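# Fold and geometry: a report
This is what each chain is made of:
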Amino acid sequence: MSKTKRVRISNERLNSYGTRVLTTGMDVEQYNRNPVLLYMHERGQVIGYVKDLKVEGDEVTGELMFDEATELSQRCKKQWEFGSLKMVSVGIDILELSEDPKHLVQGQTSPTISKSKLFEVSLVDIGANDDAIVLQKDGQRIELGKDAARVLPLLHINNNKNQKPNQMDQEKLALELGLPKDADESAINEKLAKLKAEGAEAETLRQERDTLRAARIETLVNSAIAEKKIGEDKKQQFLDLGKKIGADELKQTFDAMSPQVKLSNIVTGGGAPAGGHAEYKKLSDVPSDELAKLREDNPAQYKKLYKAEYGIECEI
């Protein structure tokens, strides 16, 4: 058995999106009650838990424990032990942002997250990509690569009217915005306002697209229920599947399915409908809640399936 490795979950270093998360301001009390370990920040993709979470100095560390209850957890554990998966990432709620100079470091472009609440830890494939750090603010999920400019604004160029901005920082900001390096503060602010407006428009379009996509998925699932391809109790499962694979692939999945066949149609001689499932081949194929009915209503069929399962005659 491999030895458990302690891993750094978070620290106060500047990340690739220009912000920092203060360890001293991170509330881990609630997380310790439910130290869930996810895969790639996806709800429902639980692969284990974090053991012995510690906050020491400017670091949060812990030991990853894989439950191996799913194929995903088993695979992640093997890749973690092998070393092909070796990064973790936090999911936090933003409670407070700060532009206090004591919380800023060289090269920082967005306010420091001075107070936060840890709600999940994930095993991730590539650190510092769009999904490597997940934040929430006011209950809304933020993926930094997409939403950072809107939710985590750039630091104010001049926090003090009596203090002039650093010329080098202003030139760097201008170049990052695609402006000449000698652009003045007015031009920079105008460009920032334009980017902010474009970001808001893009967010509106994304929300509209997501709404239409969700509506189509729900229509497909409802149709599958009406056609007896899935039961009503499976509705949420297929809604979630549609969100992962998309409406087109979900439709192909339903197109390949046949209406469900009730056991009563088989034992009473009704047979399967055209294009339906074949009869049960062995006893273990029969749902457990229908075994008693099969044994009572059609003992000959029960004996046949029993012999196919165990290779001996059934005496009932």
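Positions within a chain are numbered from 1, following the residues in the order the chain's sequence is written. Since the coordinates come from a predicted model, pLDDT governs what is reported: local features require at least 70, and pairs of side-chain atoms require 80 or more to be given and counted, while whole-chain, interface and lining totals use all residues. Each side-chain value is derived from all of the structure's non-hydrogen atoms; neither hydrogens nor water enter the calculation.

### Quick word on the packing of aromatic side chains
- Centres within 6.5 Å make a pair out of two Phe, Tyr or Trp rings, where for Trp the six-membered ring is used; the pair is then stacked when the planes are under 30 degrees apart, edge-to-face when over 60, and tilted otherwise. Counted under the stated rule, the structure contains two aromatic pairs.
- Ring plane angle 40 degrees and centroid distance 5.4 Å describe the contact between Phe-238 and Phe-254, whose orientation is recorded as tilted. Taken as a pair, Phe-238 in helix α6 (residues 235-245) and Phe-254 in helix α7 (residues 247-255) lie far apart in primary sequence, 16 residues in all. Residue Phe-238 shares its accessibility class with Phe-254, and that shared class is buried.
- Taking the ring centre of Tyr-39 as reference, the NZ or CZ of Arg-75 above it sits at 5.8 Å. Strands here are runs of E lasting at least two residues and helices are runs of H or I lasting at least four, both read from the DSSP assignment and numbered beginning at the N terminus. Relative accessibility thresholds used throughout: buried, under 20% of the residue-type maximum; exposed, over 50%; partly exposed, between the two (1.4 Å probe, protein chains only). Whether a charge sits over a ring comes down to the Lys NZ or Arg CZ being within 6 Å of the ring centre and within 35 degrees of the ring normal.

### A few points about the environment of Asp-240
- Mapped onto the fold, Asp-240 is located in helix α6.
- Judged by its relative accessible area of 33%, Asp-240 is partly exposed.

### What about the UniProt feature "coiled-coil region" (unreviewed entry) in the protein chain?
- Taking the UniProt record as the reference, the feature "coiled-coil region" (unreviewed entry) is found at residues 188-215.
- Regarding residues 188-215, the helix share stands at 100% and the strand share at 0%, and the terminal C-alpha atoms are separated by 41 Å. UniProt positions are given in the numbering used here, feature names are shortened, and annotations may be inferred rather than shown by experiment.

### Focus on unusual backbone geometry
- The phi dihedral of Asp-52 is positive, around 55 degrees, even though this residue is not glycine.
- Mapping Asp-52 onto the fold places it in strand β4 (residues 46-56).
- A relative accessible area of 38% places Asp-52 in the partly exposed class.
- Backbone geometry at Glu-68 places phi at a positive 55 degrees, although glycine is not the residue there.
- Mapping Glu-68 onto the fold places it in the loop between β5 (59-66) and α2 (71-82).
- Assessed through its relative accessible area of 37%, Glu-68 is described here as partly exposed.

### Comments concerning the pattern of salt bridges
- Salt bridge criterion: a side-chain nitrogen from Lys or Arg within 4 Å of a carboxyl oxygen from Asp or Glu. A complete count under the given rule lists 17 salt bridges for this structure.
- Ionic pairing is found between Arg-6 and Asp-52, a salt bridge with its closest N-O pair at 2.5 Å. Of this pair, Arg-6 sits in strand β1 (residues 6-11) while Asp-52 sits in strand β4, placing them 46 residues apart in sequence.
- One salt bridge in this structure joins Asp-210 and Arg-209, with 3.6 Å as the shortest N-O distance.

### A word on the pairing of strand β3 (residues 36-39)
- Here β3 shows two buried faces, one formed by Val-36 and Leu-38 and the other by Leu-37 and Tyr-39.
- Between any two strands, at least two bridges found by DSSP are needed for them to pair. Two strands pair when backbone bridges link them, and β3 and β4 are joined in this way by three bridges, in the antiparallel orientation. In the sheet register, Leu-37 faces β4, and the bridge partner there is Gly-48.
- As paired strands, β3 and strand β7 (residues 112-124) are joined by three bridges and run parallel to one another. In the sheet register, Leu-38 faces β7, and the bridge partner there is Ser-122.

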